[in-house]
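Chains, contacts and geometry: an overview
Listed below, chain by chain, are the residues.
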Amino acid sequence: MKKTLVSALTTALVVGAASTTFAAANPFSDVPADHWAYDAVSQLAADGVIEGYGDTTFRGNQNITRYEMAQMIAKAMAKTDVSAADKALIDKLAAEFSDELGNLGVRVSNLERNADNVKWNGQARYRYWSQRYENEKGSKDKKNTDQMNFRLEPNAEVNNNWHVKARIDAFTNPSKDTDATVKLVRVWAQGDYKNFQVKLGKLPFYSTETAGMLFDNQFSGAQVTFGNQLKLTAEAGRWDLDNAINQSAINMAAAAKDNKDNLLYGDDAASYQGIGLNGTAGKLYGGAAYRHFQSDLFKHVNEVEKSYKGYKANTDEADIWSVGAGYTFDKNWNLNGGYAKNEKADRFGTAHNIQLNYKGAQKANKGSWGAYTAYRYMGGNVAFAPTYETFLNCGVNNVKGWEVGTEYVPFTNVTAAAYYFNGKKLDNNNDAELLFGRVNFWF
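Structural notes, computed from the coordinates. (Residues numbered from 1 in each chain as written. Predicted model: local features only at pLDDT ≥ 70, side-chain atom pairs only at ≥ 80, totals over all residues. Heavy atoms only, no water.)

Some remarks on the overall build of the protein chain
Scanning the protein chain for helices and strands turns up nine helices and 16 strands. Nonlocal contacts in the protein chain, meaning residues at least 24 apart in sequence, comprise 59% of its contacts between residues at least 6 apart. If you sum the accessible surface of the protein chain, you get close to 19200 Å²; carbon and sulfur atoms cover 54% of it. (Helix = DSSP H or I, 4+ residues; strand = E, 2+ residues; numbered from the N terminus. Contact = heavy atoms within 4.5 Å. Areas by Shrake-Rupley, 256 points an atom, 1.4 Å probe, with all protein chains shown as cover.)

Details of the nonpolar core
Counting 29 residues, the largest nonpolar core has Leu214, Phe215, Trp239 and Phe293 as its most contacted members. When residues of this core are traced back to their parent elements, those giving at least two are strand S5 (196-206), strand S8 (269-281), helix H9 (296-304) and strand S10 (317-328). Aside from chain neighbours lying at most four places away, what touches tryptophan 239 is Phe205, Phe215, Asn217, Gln218, Phe219, Ala244, Asp268, Ala269, Ala270, Phe293, Phe384 and Ala385. Val49, Ala76, Leu89 and Ile90 belong to the second largest nonpolar core, which has 18 residues in total. (Core = buried A, V, L, I, M, F, W, Y, C linked by side-chain atoms within 4.5 Å. Buried < 20%, exposed > 50% of the residue type's maximum accessible area, 1.4 Å probe, protein only.)

Examining unusual backbone geometry
Only a minority of non-glycine residues have a phi that is not negative, and only a minority of peptide bonds are not trans. Backbone geometry places aspartate 177, a non-glycine residue, at a positive phi of 55°. Locating aspartate 177 in the fold gives a position in the loop between strand S3 (162-172) and strand S4 (181-193). Taking the relative accessible area as the measure of exposure, aspartate 177 reaches 66% and is therefore exposed. Of note in this structure, phenylalanine 348 is not a glycine but carries a positive phi near 55°. Within the fold, phenylalanine 348 resides in the loop between strand S11 (333-342) and strand S12 (350-359).

Brief notes about the packing of helix H3 (residues 66-77) against helix H4 (residues 84-96)
Packing of H3 against H4 leaves a shortest axis separation of 10 Å and a crossing angle of 140°. Regarding the angle of H3 to H4, the classification is oblique. Here the hand of the crossing between H3 and H4 comes out left-handed. Between H3 and H4, the contacting residues are Arg66, Ile73, Ala76 and Met77 on the first element and Ile90, Leu93, Ala94 and Glu96 on the second. (Axes fitted to C-alpha atoms, helices over the stretch in contact; angles between N-to-C directions. Parallel < 35°, antiparallel > 145°, perpendicular 65-115°, else oblique. Left-handed = near helix turned anticlockwise from the far one by under 90°.)

Some points on the pattern of salt bridges
Applying the stated rule across the entire model yields eleven salt bridges. Its salt-bridge partner being arginine 438, residue glutamate 407 comes within 3.2 Å of it at the nearest N-O pair. Of this pair, glutamate 407 sits in strand S14 (residues 399-411) while arginine 438 is found in strand S16 (residues 431-442), placing the two residues 31 residues apart along the sequence. Look at glutamate 407 and you get buried, because its relative accessible area is 5%. Exposure remark for arginine 438: the relative accessible area of 4% places this residue in the buried category. When salt bridges that share partners are traced, they join Arg127, Glu389, Glu407 and Arg438 into one network. (Salt bridge = Lys/Arg side-chain N within 4 Å of Asp/Glu carboxyl O.)

A closer look at a nonpolar patch on the surface
A contiguous nonpolar patch, built from Leu284, Tyr327, Phe329, Trp333, Leu335, Ile354 and Leu356 and spanning about 590 Å² of accessible area, is present on the exposed surface. For the nonpolar patch, the elements supplying multiple residues, two or more each, are S11 and S12. (Patch = residues over 30% accessible without salt bridge, like charges linked within 9 Å, V, L, I, M, F, W, Y side chains within 5 Å.)

A short note on H3
Helix length check: H3 (twelve residues) gives 16 Å between terminal C-alpha atoms against 16 Å at 1.5 Å per residue, within 8%. Taken together, the buried positions of H3 are Arg66, Glu68, Met69, Ala70, Met72, Ile73, Ala74 and Ala76. (Expected span 1.5 Å × (residues − 1).)

Structural notes on the pairing of strand S15 (residues 414-425)
Examined bridge by bridge, S14 and S15 share eleven bridges and lie antiparallel to one another. Looking at the pairing, glutamate 403 lines up with phenylalanine 421 of S15. What sits between S14 and S15 in their antiparallel hairpin is a turn of two residues, with asparagine 413 showing a positive phi close to 65°. In this structure, S15 lies alongside S16, joined through eleven bridges in antiparallel fashion. By the bridge assignment for S16, alanine 416 is matched with valine 439. (Pairing = 2+ DSSP bridges.)

Brief notes about the pairing of strand S6 (residues 216-227)
Two faces, one strand: in a regular strand the side chains alternate between the faces of the sheet. As paired elements, S5 and S6 share eleven bridges and run antiparallel to each other. Residue pairing across strands places phenylalanine 205 opposite asparagine 217, the latter belonging to S6. The sheet contact formed by S6 and strand S7 (residues 230-240) spans eight bridges and is antiparallel. Within S7, the residue paired with threonine 225 across the bridge is threonine 233.

Next comes the structure, spelled out in structure tokens:
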């Protein structure tokens, strides 16, 4: 979901890309959300170097274009009383926006512009889940899980319009001291043009209209986006249903009947087509989407036990529509929510979420922090791979309940977070509780 620059710089809350509750939203109207310039601009704004439109504001009701950003960079380049770190950020931004600066008459050397055609970002993080859930006998079971993750995200410039991007993840279980597994999770070519963007390859798969309530994953295929403040996105390809096996109630139902072969050796990659519309109007933003999946897996699950109506008889499809909206009250407060339904599901086929955010942790700004409270209803047959950390790894899915969380930046580019969920399972109304903690080191 597109947000304005002031929202991204002051709240950095869950509205757009990212894969965690406090994922930062895209502050520009025509620069991708995962662009490295976001962090550079955040730091310069925090240091008082970039001053918006001259009246010390970023005009929260108006998106920022590359040309407007170049105007700000030009003013920053004219300053002499900046730190060495800020000067380095200004130089990098000047190289990135050299074409726009050239149109303004600001000279940037070709040597500087081409000094680093491949840029690397990444993070090292530790995550911990402590789950408590009520079993069939009425007593509480406990499950603790932790994980270390090292991530690299290269961005290689092909020409002025095209980049090749990737994400490489390495995971290890520190409690068992296991060897790390390394995966090339994403790799895609991206072409950015005025009011048009195309992506080809193994791409990010994110339900923007619901702030990641349904999907935060990746799929193989193509995506095209048209527009600026109002964006139309169409995408198609294949999605590996193994990514949803621990998220979906239909899969857990099949596993309970000892028919895992249907899951593991069936058509575990679904064909996928989707279309979405997202836009902003002042402080209000929203969107809607429709997604269609087709795989023998859905039919196999239903055949395990037809009395368990996870999906309608003999269907191999999932048809999901979703809507979402949000409102930014001021620099501190933001409210957003979403609703989704799988038209093919007879059970656990709806999901909805409402979340109130206060402030936001900006990793480049030491001492910044944020908090949120949310109510989530997560039907397992529609919320296949949600972005919420409290719904990962430990199997706390297909539930409803309340969640609270906070995030803090103790040191520059170091974030610490804690989230807590308390609710009920949808299939048996048993208690479900989870405590989550995370520390990120960004580079």
